[in-house]
Amino acid sequence: MTAAPTAPPAPAAVADRHRPPRQLRWLLRLHRPAVLGWTAFVLVAGAALLWLGGPLTDASAAAWKEYNACAFDAPCSYDQDAIVLHKDVYLYTTSAVLVAPFLIAAWAGGSLTGRETESGTVRLAWTQGVTPARWLASRLALPAVLTAASTGLLVWLHRLARTAGEGRIDTAKPWHDVPTFYAGGTVPVALALAGLTGGALAGLLLRRSLTALTTAAVALAGLWAAVHLLLPHLWPTVTRVSDLRTGPSGSGIVVEQGALTADGDRLPSLCGDHAPQDCRTAPIDPDVVGFYRDLHPAAHHWPLHLTASGVLLVVAALLALAAFRVLRLRTAGPAGKDGPA
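None of these values were measured; they are calculated from a predicted model.

Asks: Mind showing me how you'd approach the overall build of the protein here?
Replies: What the protein contains, in helices and strands, is 11 helices and four strands. Counting every position in the protein, which comprises 341 residues, the buried fraction comes to 39%. Pairs at least 24 apart in sequence give 81% of the contacts found in the protein among residues at least 6 apart. As displayed, the protein offers around 18,000 Å² of accessible surface, 65% of which is attributable to carbon and sulfur atoms.

Asks: Looking at this model, I keep getting lost on the packing of aromatic side chains. Mind explaining?
Replies: For any pair of aromatic rings, the description consists of the separation of the ring centres together with the inter-plane angle of the planes. Applying the stated criterion across every chain, the model contains seven aromatic pairs. On the basis of an interplanar angle of 25° and a centroid distance of 5.3 Å, the ring pair of Trp-38 and Phe-41 is categorised as stacked. Here the residue Trp-38 and the residue Phe-41 both occupy positions in helix H2 (residues 32–68), the gap between them amounting to three residues, near one helical turn. Between Trp-64 and Tyr-67 the ring centres are 5.4 Å apart and the planes differ by 85°, which places this aromatic pair in the edge-to-face class. Of this pair, Trp-64 and Tyr-67 both sit in helix H2, three residues apart, which is roughly one turn of that helix.

Asks: What is the right way to look at the sheet that holds strand E4 (residues 288–296) in this model?
Replies: Through backbone hydrogen bonds, the strands of a sheet pair up, either in parallel or in antiparallel fashion. With antiparallel pairing, the four strands of this open sheet are ordered in space as E1-E4-E2-E3. Either end of the sheet is taken by a strand with one partner, and the two such strands are strand E1 (238–243) and strand E3 (266–268). Neighbour-to-neighbour, the strand axes of this sheet turn through a mean angle of 35°, independent of strand direction. Where strand E2 (residues 253–261) meets E3, three bridges bridge the pair, whose relative direction is antiparallel. Among the inter-strand pairings, Leu-260 is bridged to a residue of E3, identified as Arg-266.

Asks: Could you clarify how one ought to interpret the pattern of salt bridges in this entry?
Replies: Where charged atoms from two side chains of opposite charge come close, those side chains can pair. Applying the stated criterion across every chain, the model contains three salt bridges. Between Arg-162 and Glu-166 there is a salt bridge, with the nearest N and O atoms lying 2.9 Å from each other. What makes Arg-162 buried here is its relative accessible area of 11%. For Glu-166, a relative accessible area of 45% translates into the label partly exposed. When the shortest N-O distance is used, the salt bridge between Arg-266 and Asp-294 registers 2.7 Å. Here Asp-294 lies in strand E4 and Arg-266 lies in strand E3, a separation of 28 residues in the sequence. For Asp-294, a relative accessible area of 7% gives the class buried.

Asks: Sorry, what's going on with the layout of surface pockets here?
Replies: Space left empty within the atom packing is revealed by a probe, the size of a water molecule, rolled over the atoms. Of the voids in this model, the second largest pocket is the one considered here, and its volume is about 260 Å³. Contributing to the lining of the second largest pocket are 17 residues, with Lys-87, Tyr-90, Leu-91, Thr-171 and Lys-173 lying nearest its centre. Elements represented by at least two residues in the lining of the second largest pocket include exactly helix H3 (80–112), helix H6 (132–164) and helix H7 (178–183). The element that contributes the greatest number of residues to the lining of the second largest pocket is H3, accounting for seven residues. Among the residues making up the lining of the second largest pocket, the classes are represented as seven nonpolar, six polar and four charged.

Cut-offs applied
Residues numbered from 1 in each chain as written. Predicted model: local features only at pLDDT ≥ 70, side-chain atom pairs only at ≥ 80, totals over all residues. Heavy atoms only, no water. Helix = DSSP H or I, 4+ residues; strand = E, 2+ residues; numbered from the N terminus. Buried < 20%, exposed > 50% of the residue type's maximum accessible area, 1.4 Å probe, protein only. Contact = heavy atoms within 4.5 Å. Areas by Shrake-Rupley, 256 points an atom, 1.4 Å probe, with all protein chains shown as cover. Phe/Tyr/Trp six-rings, centres within 6.5 Å; stacked < 30°, edge-to-face > 60°. Pairing = 2+ DSSP bridges. Axes fitted to C-alpha atoms, helices over the stretch in contact; angles between N-to-C directions. Salt bridge = Lys/Arg side-chain N within 4 Å of Asp/Glu carboxyl O. 1 Å grid on protein atoms, 1.4 Å probe; cavity = no way out; pocket = protein on both sides within 12 Å on 5 of 7 lines; lining within 4 Å. Points joined across faces, edges and corners; volume = space filled by probe spheres on them. Nonpolar A, V, L, I, M, F, W, Y, C, P; charged D, E, K, R; others polar.

Right under this line is the structure:
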């Protein structure tokens, strides 16, 4: 018995099958200047980081070796320009890595959703059989992948460039230097994704490109400030105890420090953030027998980054859900179905 011939797919079904690729092509075409600008930014910053971690580090390390071999009671010759150039390029590339999430947030708010809702071009997509939810999903999916990949690449290159100079360059930034710490881990990647979803939400809420751009950037700055305050408390600290002669000891991200009595009680810091030698010369309570310092050592670099990144990814997911909710409320028809309002 022969099977009944199946009916050819309906035109709507064929259109649905090709709609996502068409939406992605439309997205890339509409935002081509931003894609080209971001690609140029990543290429230039990446090339600078490769230069920093290779020839610049070697030249600066050689200059420091010459400097340290100098007899200071005699004329000394070393390549000071190489040392200064390495410091300058390190500062610029670190700033580029840290500013990347703000560029993503500003673009997402000002162009990804803000400009399309302000100009009304978004309704053209909805009249082509694309639901608002699918339109927003296409606006978030591909940019999220590209954002994570490109910012992750910059972070990786920055970490390689920094570690190339460890033990070789006297003025190399320690791992716990605030800009160095953030630029060498996963937090900028998670921040960029939060900036993407937050910017998309701002564009949908405000429907004004410039206002959404500013709001997204300011909101991301506030989020980063909150994470910075919360981060030292996301992972258990390590306590270093030292005697009065030594002063507070231990390097890393210091959370709390102070004095210890013979009974083990903790007193407020006697010298604040001053150097250990200042603590040794500060007035000492007769009951104080030593110092304590609660800190995060170098081994806590990745636990802190990964925990903070997890928090930021949850925030990014909540912002994305809020964006879909706002879009649904804005476009719900009389029957409660998605469609142009």
